[in-house]
Amino acid sequence: MKRALILDLDNTIYPVSSIAENLFVQFYALLEQDPNIDTSIIEAAKSEMTRRPFQHVADDFNFSPALKIKGIELLKSITYNSPMKPYADYHHIQSSGLDKFLVTTGFTNLQYSKIKQLDIVDDFKEIRIVDPEVSSKTKLDIFKELMDKYRYTPADLLVIGDDPQSEIKAAITLGIDTFLYASDNHHPDAVTTYRGDNLEKVLAIL
Ligand SMILES: [Mg+2]
């Protein structure tokens, strides 16, 4: 019997693809102006940006230190202020009476602006943003803090997210059950307790 759910935000509550072009216009321009990056890398980096924090993408694609700094400065200042909608199946999560926590990695201002546009603040007992520019804490650290603060055991919790290397891995490390929000052919080898491409399946687990 679960007592609480911990959710990821990006690509778990809403699709980043729905806002990426709008959101990253200035950032993509910065990439395209950089003479040291070729077009194929730009396209691959753009796609990764919709899934993972910029700092990790910058390291993986060997962005120059100057470009990484410029990118971080730009992304620190960006907010998203256009209408946004959660995934159509998110209401199944809202309908659960369990306490819910939102733990998301990204730039603080940007993550808060998206949460506001999605109108989901009241769904959560607590919202925690893991911002690599502000703290070296990881999702694993935050999960531990929430367990301490609210006296949850691992068995009390279910972590829901789309990234096997982020929230799913952190939860597995702590012995917490996970729901990987992905279709069968996406991350087929990922280690997770449960998986599915519809959040309605979560209700059957609780
Ligand atoms: Mg995500």
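Residues numbered from 1 in each chain as written. Predicted model: local features only at pLDDT ≥ 70, side-chain atom pairs only at ≥ 80, totals over all residues. Heavy atoms only, no water.

1. So, the nonpolar core
If you look at the biggest cluster of nonpolar residues, it comprises 48 residues, and the most contacted ones within it are L7, I13, F27, F54, L102, I120 and I160. Two domains share this core, each providing at least three of its residues, namely domain 1 (4–14 + 83–205) and domain 2 (17–77). Beyond its immediate stretch of four places on either side in the chain, I120 contacts L9, I13, Y90, L102 and I115. (Core = buried A, V, L, I, M, F, W, Y, C linked by side-chain atoms within 4.5 Å. Buried < 20%, exposed > 50% of the residue type's maximum accessible area, 1.4 Å probe, protein only. Domains from an automatic or database assignment. Contact = heavy atoms within 4.5 Å.)

2. Focus: the domain arrangement of the protein
The domains assigned to the protein are domain 1 (4–14 + 83–205) and domain 2 (17–77). Measuring from the centre of the C-alpha atoms in domain 1 to the corresponding centre in domain 2 gives 24 Å. Across the boundary between the two partners, domain 1 contributes 11 residues, which contact 12 residues of domain 2. Here domain 1 and domain 2 share an interface that buries about 1000 Å² over both sides, 63% of which is from carbon and sulfur atoms. Counting across the interface, domain 1 meets domain 2 through zero salt bridges. At the boundary of domain 1 and domain 2, one finds three residue pairs in polar contact (both at pLDDT 80 or more). (Buried area = accessible area lost by both parts, 1.4 Å probe. Salt bridge = Lys/Arg side-chain N within 4 Å of Asp/Glu carboxyl O. Polar contact = N/O pair within 3.5 Å; in protein donor to acceptor, adjacent residues only side chain to side chain.)

3. Examining helix α8 (residues 167–174)
The set of residues buried in α8 consists of E167, I168, A170, A171 and L174. Take α8 and look down its axis: the buried residues cluster within an arc of 165°, on one side only. The elements touched by buried residues of α8 are α7 (139–150), β4 (157–161) and β5 (177–181). Taken from the residues just after α8, G175 is the one with a positive phi, measuring 80°. (Helix = DSSP H or I, 4+ residues; strand = E, 2+ residues; numbered from the N terminus. Arc of directions from axis to C-beta.)

4. Examining the packing of helix α1 (residues 17–33) against helix α2 (residues 39–49)
Between α1 and α2, the shortest axis-to-axis distance is 11 Å and the interhelical angle comes to 150°. Classified by the angle their axes make, α1 and α2 are roughly antiparallel. Handedness of the crossing formed by α1 with α2: right-handed. Taken together, the residues of α2 that come into contact with α1 (itself represented by F24, F27, Y28, L31 and E32) are I42, K46 and M49. Residues that form the contact of α1 with α2 fall into these classes: six nonpolar, no polar and two charged. (Axes fitted to C-alpha atoms, helices over the stretch in contact; angles between N-to-C directions. Parallel < 35°, antiparallel > 145°, perpendicular 65-115°, else oblique. Left-handed = near helix turned anticlockwise from the far one by under 90°. Nonpolar A, V, L, I, M, F, W, Y, C, P; charged D, E, K, R; others polar.)

5. Topic: the layout of surface pockets
Considered as a void within the structure, the largest pocket measures approximately 1000 Å³ in volume. In terms of lining, the largest pocket is formed by 49 residues, of which the most central are R51, R52, P53, D163 and S166. Those elements that provide at least two residues to the lining of the largest pocket are α1, α2, α3 (54–60), β2 (99–105), α6 (108–118), α7 and α8. Among the elements that take part in the lining of the largest pocket, α8 stands out by supplying four residues, more than any other. Of the residues contributing to the lining of the largest pocket, the split by class is 19 nonpolar, 18 polar and 12 charged. If you count residues domain by domain, the lining of the largest pocket takes at least three from each of domain 1 (4–14 + 83–205) and domain 2 (17–77). (1 Å grid on protein atoms, 1.4 Å probe; cavity = no way out; pocket = protein on both sides within 12 Å on 5 of 7 lines; lining within 4 Å. Points joined across faces, edges and corners; volume = space filled by probe spheres on them.)

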